[in-house]
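Report on the structure
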Amino acid sequence: MIIAIDGPAASGKGTLARRLARHFGLHHLDTGLTYRAVAAALLARGLPLGDEEIAISAACNLDLSRLDRDVLSAHEIGEAASRIAVLQGLRDELVRLQREFAGREPGAVLDGRDIGTVVCPDAPVKLYVTASPEVRARRRTDELLSKEKPADYASILADLKKRDERDSSRSVAPLKPAEDAHLLDTSEMDIEAAFKAAVDIVEQAR
Ligand code: DC
């Protein structure tokens, strides 16, 4: 059983993926963390973000069981992750690790940008989770404020739009819904409603 979840930054796909995994007793991988972990390793060593060979060697040392969401959620790491995500050789290596993970019994939920299109094109259930940029920026702002971190709505909105543009317009594995993905627009939904809608979609597909 594989559930593939894609969508833009701050669409709520990560929360949904975690909850679906718990509900259906599946493993969960936030594939954004794999790009973030490579970006963080390069930033920490002051290495360039545009060098494919260096990025691939950082990816080869990745341990999927040690991805720390709190550390990797930093804004500058997300930006750097989006920049290295255009490197085809790096993507090939990360996709290999992600597919290995997807093969674990009894199944897995993977979320990212290209799960339904590239990583697991045969997944029996695909969701494309989205929300308007304004709603996503508001959610991200509230999340940061609730953790007592600085957050400015206008600059978060501008950053999200920039990242959407970069993730959707790159030539390799761009962000886009798979043809057979179920679209879930959560602009007008809270997390409970989104979760219920997603469970219904998965139940129907099973
Ligand atoms: O989901 P996120 O914000 O943690 O992802 C960070 C960046 O990683 C995102 O801007 C693009 C890249 N990414 C990707 O290219 N493919 C994926 N499957 C997941 C993330």
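Below is a short write-up of the structure. Sequence order sets the numbering: in each chain, residues are counted from 1 along the sequence as written. This being a predicted model, a pLDDT of at least 70 is required before a residue's local features are given, and a value of 80 or more before pairs of side-chain atoms are given or counted; all residues contribute to the totals for chains, interfaces and linings. Side-chain measures here rest on the full set of heavy atoms in the structure, leaving out hydrogens and waters.

A few words now on the site of the ligand. Note on definitions. A residue lies near a molecule or strand when any single heavy atom of the residue is within 4 Å of it. By nearness alone, 15 residues border the ligand, and Arg-36, Arg-91, Arg-113, Asp-114 and Arg-163 come closest of all. Pairing of N or O atoms within 3.5 Å defines a polar contact, subject to two protein rules: one partner must be a possible hydrogen donor and the other a possible acceptor, and residues neighboring in sequence count only if both atoms are side-chain atoms. Between Thr-31 and the ligand, the recorded distance is 3.0 Å, taken from a side-chain N or O atom to a nitrogen atom. Side-chain polar atom of Arg-91 to an oxygen atom of the ligand: 2.8 Å apart, as the coordinates give it. All accessible-area figures derive from a Shrake-Rupley calculation using a 1.4 Å probe, and residue coverage is judged against the displayed protein chains alone. Coverage of the ligand by the protein amounts to 96% of the 450 Å² it exposes when considered alone. Here the term cavity refers to a set of points on a 1 Å grid, laid over the protein atoms alone, in which a 1.4 Å probe fits but cannot get out; the term pocket refers to an open set having protein on both sides within 12 Å along at least five of seven lines, with lining residues being those that place an atom within 4 Å of a point. Put plainly, a molecule is in a cavity or pocket when over half of its atoms are within 2 Å of the grid points there. When atom positions are compared with the pocket grids, the ligand is found to occupy the largest pocket. Put simply, the parts of the chain that give the shell around the ligand at least two residues each are helix 2 (31-44), helix 5 (75-84) and helix 9 (153-169). Helix and strand definitions here come from DSSP, where helices need a minimum of 4 consecutive H or I residues and strands a minimum of 2 consecutive E residues; each element is numbered from the N-terminal end. Per element, the largest residue contribution to the shell around the ligand is four residues, and it comes from helix 2. Of the residues contributing to the shell around the ligand, the split by class is three nonpolar, four polar and eight charged. Basically, the charged four are Asp, Glu, Lys and Arg, the nonpolar ten are Ala, Val, Leu, Ile, Met, Phe, Trp, Tyr, Cys and Pro, and anything else, Gly included, counts as polar.

Moving on to the layout of surface pockets. Which parts of space are left empty comes out when a probe the size of a water molecule is rolled across the atoms. Grid points are joined across faces, edges and corners, and a volume is the space filled by probe spheres set on the points. Roughly 1300 Å³ of volume is contained in the largest pocket. Surrounding the largest pocket, 50 residues form its lining, Ala-9, Ala-10, Arg-36, Arg-140 and Glu-143 being those nearest its centre. Among the secondary structure elements, those contributing two or more residues to the lining of the largest pocket are helix 1 (13-24), helix 2, helix 4 (69-72), helix 5, strand 3 (108-112), helix 8 (133-146), helix 9 and helix 10 (191-205). Along the lines of polarity and charge, the residues of the lining of the largest pocket split into 17 nonpolar, 12 polar and 21 charged. Roughly 190 Å³ of internal volume is contained in the second largest pocket. For the second largest pocket, the full set of lining residues is Ala-37, Ala-41, Arg-45, Ala-58, Asn-61, Leu-62, Asp-63, Arg-66, Leu-67, Asp-68, Val-71 and Leu-72. The set of elements that each furnish at least two residues to the lining of the second largest pocket consists of helix 2 and helix 4.

What follows concerns helix 1. Turn by turn, an α-helix covers 3.6 residues, leaving residues three or four places apart pointing in a common direction. Under the convention used throughout, the expected extent of a helix is 1.5 Å for every residue step, that is, one less than its residue count. Taking 1.5 Å per residue as the helical rise, helix 1 with its 12 residues ought to reach 16 Å, and the 16 Å between its terminal C-alpha atoms agrees with that figure. Any residue under 20% of the maximum accessible area for its type is buried, any over 50% is exposed, and the rest in between are partly exposed; the area is computed with a 1.4 Å probe on protein chains only. Those residues of helix 1 lying buried are Lys-13, Gly-14, Leu-16, Ala-17, Leu-20, Ala-21 and Phe-24. Down the axis of helix 1, the buried set is contained in an arc of 160°. They therefore lie on one face. Here, two residues are considered to be in contact whenever any of their heavy atoms come within 4.5 Å of each other. In this structure, the buried side of helix 1 is in contact with strand 1 (2-6), strand 2 (27-30), strand 3, strand 4 (125-130), strand 5 (182-185) and helix 10. To obtain the arc, one takes the directions from the helix axis to the C-beta atoms.

Here Leu-90 is to be found in helix 6 (residues 88-102). Remark: the alpha-carbon pair of Leu-90 and Met-189, spanning 99 residues in sequence, is separated by 35 Å. Excluding anything up to four places from it in sequence, Leu-90 contacts Val-38, Glu-52, Ala-55, Ile-56, Ala-59 and Ile-84.

On to the sheet that holds strand 5. Here the rule is simple: two strands pair whenever DSSP picks up at least two bridges between them. Spatial strand order, 2-3-1-4-5: five strands in an open sheet with parallel pairing. Only two strands of the sheet have a single partner each, and these edge strands are strand 2 and strand 5. Between one strand axis and the next, the sheet turns through 20° on average, direction left out of account. Looking at chain direction, strand 1 and strand 3 are connected through five bridges and run parallel. Its bridge partner lying in strand 3, Ile-5 is registered against Asp-111. Sitting on the sheet, helix 1 touches strand 1, strand 2, strand 3, strand 4 and strand 5, and the angle it makes with strand 3 is about 180°. Helix axes are fitted only over the stretch in contact, all axes being lines through C-alpha atoms; the angle between N-to-C directions runs from 0 to 180 degrees. Lying over the sheet, helix 2 contacts strand 2 and strand 3, oriented at roughly 45° with respect to strand 2.

Read these as layout, nothing more, since geometry by itself doesn't imply function.
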